[in-house]
Amino acid sequence: MAWSQDEERMLAQIEQHLVDDDPRLVARLESFNERVRRSEERSKGQPGPRHRPRRSTVIIVISWLLIATLVATLLVMVLSHEAATALALAVS
């Protein structure tokens, strides 16, 4: 459905008022529009620019790996200590 010339003029006036009144809102909307455009390109199967994972994502993954390694190491130590204690009790 096409807009009438009066409606288009009113929308342009509203847009200009918002641009003049709140530049941060304009920046947010432009950022949102860019994200939507990229999302639509990806959904259509068009290859977009390749992006690297965020630094926070990498830090979180490394942290989880370190925690998992620590837990596994502690479990091995506890189990080997219990096995050695059981063996010592069996021998004596």
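Residues numbered from 1 in each chain as written. Predicted model: local features only at pLDDT ≥ 70, side-chain atom pairs only at ≥ 80, totals over all residues. Heavy atoms only, no water.

**A look at the pattern of salt bridges**
Okay, so step 1: Under the criterion given, the structure shown has four salt bridges.
Okay, so step 2: With its nearest N and O atoms 2.3 Å apart, the salt bridge here joins Glu34 to Arg37. Here Glu34 and its partner Arg37 are both found in helix H2 (residues 23-43), three residues apart, which amounts to about one turn of the helix.
Okay, so step 3: With a closest N to O distance of 3.5 Å, Glu34 and Arg38 form a salt bridge. On the criterion of helical spacing, the pair formed by Glu34 and Arg38 is a turn pair, its members being four residues apart in helix H2.
Okay, so step 4: For Glu34, a relative accessible area of 31% gives the class partly exposed. (Salt bridge = Lys/Arg side-chain N within 4 Å of Asp/Glu carboxyl O. Helix = DSSP H or I, 4+ residues; strand = E, 2+ residues; numbered from the N terminus. Buried < 20%, exposed > 50% of the residue type's maximum accessible area, 1.4 Å probe, protein only.)

**Re a nonpolar patch on the surface**
Okay, so step 1: On the surface, Ile60, Trp64, Ile67, Val71, Leu75 and Leu79 cluster together into a nonpolar patch covering about 640 Å² of accessible area.
Okay, so step 2: Tracing the backbone shows Trp64 in helix H3 (residues 55-91).
Okay, so step 3: Exposure remark for Trp64: the relative accessible area of 60% places this residue in the exposed category. (Patch = residues over 30% accessible without salt bridge, like charges linked within 9 Å, V, L, I, M, F, W, Y side chains within 5 Å. Areas by Shrake-Rupley, 256 points an atom, 1.4 Å probe, with all protein chains shown as cover.)

**A closer look at the packing of helix H1 (residues 5-21) against H2**
Okay, so step 1: With their axes 5 Å apart at the nearest point, H1 and H2 run at an angle of 110° to one another. Overall, the two elements H1 and H2 adopt an arrangement that is roughly perpendicular. Across the interface between the two elements, Leu18, Val19 and Asp21 from H1 touch Pro23, Leu25 and Val26 from H2.
Okay, so step 2: Looking at the contact of H1 with H2, its residues break down into five nonpolar, no polar and one charged. (Axes fitted to C-alpha atoms, helices over the stretch in contact; angles between N-to-C directions. Parallel < 35°, antiparallel > 145°, perpendicular 65-115°, else oblique. Contact = heavy atoms within 4.5 Å. Nonpolar A, V, L, I, M, F, W, Y, C, P; charged D, E, K, R; others polar.)

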